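Per-entry structural report
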Amino acid sequence: MNFRKGQSREEPEINLIPFIDVLLVILIFLMVTTTYSRFTELQITLPTADAEKAQEKPNQIEIGIDAQGRYKINNQAVSFLDTATLADDLRRTVSAMNGANGGGQPDPVIIINADRAATHQSVIDVLEAARIAGLAKVTFAAQAANRSR
């Protein structure tokens, strides 16, 4: 039943004013929070150093491991049979260093230079040989990555 003859039906319209109000509140909230995050940052200026390369220390033992599993102690090739023989080679190197330096030197630092394709087991063998030889100071050498900024 149509009681309103002659009148056309009104088209529904969307009221955008509440939508705009909500968007303005969100915009204000985002503006306020971004200013707070700027104040909470730490401003750190890192120090710089222009130093020369450090001199080689005489009480260092460099152990090289290549990708095929061959070992070198202070650039002298050694044959690897097991960790006990490698430990004996390390002891001989330490005694030779102490004899050349007059003895009484502190325990040398073992620097492991392993190829990135070397097996994990070969590095563990060097760590085990250092433990057997009684050498507790062990470190690893790495090449600095080239990063362009």
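Residues numbered from 1 in each chain as written. Predicted model: local features only at pLDDT ≥ 70, side-chain atom pairs only at ≥ 80, totals over all residues. Heavy atoms only, no water.

1. Description of the nonpolar core
- In this structure, I61, I63, I65, L90, I110, V126 and L135 are the most contacted members of the largest nonpolar core, which totals 19 residues.
- Secondary-structure elements contributing two or more residues to this core are β1 (60–65), β2 (71–73), α2 (83–100), β4 (109–114) and α3 (120–132).
- The greatest single-element share of this core, amounting to 5 residues, is contributed by α2.
- When neighbours within four sequence positions are excluded, L135 is seen to be in contact with L90, V94, P108, I110 and A130. (Core = buried A, V, L, I, M, F, W, Y, C linked by side-chain atoms within 4.5 Å. Buried < 20%, exposed > 50% of the residue type's maximum accessible area, 1.4 Å probe, protein only. Helix = DSSP H or I, 4+ residues; strand = E, 2+ residues; numbered from the N terminus. Contact = heavy atoms within 4.5 Å.)

2. What to know about the pairing of β1
- Judged by which residues are buried, β1 turns out to be one-sided: I61, I63 and I65 face inward and are buried, whereas Q60, E62 and G64, on the alternate face, are not.
- Examined bridge by bridge, β1 and β4 share 6 bridges and lie parallel to one another. Looking across to β4, one finds that G64 is bridged to N113.
- Pairing between β1 and β2: 3 bridges, direction antiparallel. Bridge pairing links I63 to I73 in β2. (Pairing = 2+ DSSP bridges.)

3. As for the side chain of D125
- Secondary-structure assignment places D125 in helix α3.
- In this structure D125 is buried but unpaired, with R131 as the nearest side chain of opposite charge at 11 Å.
- In this structure, D125 is in contact with Y71, F80, T83 and L86, ignoring residues within four places of it in sequence. (Lys, Arg positive; Asp, Glu negative; His and termini not counted. Salt bridge = Lys/Arg side-chain N within 4 Å of Asp/Glu carboxyl O.)

4. Remarks on unusual backbone geometry
- Even without glycine at this site, N74 takes up a positive phi of about 50°.
- Positionally, N74 belongs in the loop between β2 and β3 (76–78).
- One non-glycine residue, N75, lies in the positive phi region at around 65°.
- Within the secondary structure layout, N75 lies in the loop between β2 and β3.

5. Examining the sheet that holds strand β5 (residues 138–140)
- With respect to topology, 5 strands assemble into an open sheet ordered β3-β2-β1-β4-β5, the strand pairing being mixed. Each edge of the sheet is formed by a strand with only one pairing partner; in this case those strands are β3 and β5. Strand-to-strand, the axes of this sheet are offset by a mean angle of 30°, without reference to chain direction.
- Of the pairings in the sheet, the one linking β2 to β3 comprises 3 bridges and is antiparallel in character. When the bridges of β3 are listed, K72 appears paired with A77. (Axes fitted to C-alpha atoms, helices over the stretch in contact; angles between N-to-C directions.)

Everything listed here is a matter of coordinates, which is why it stays silent on function.
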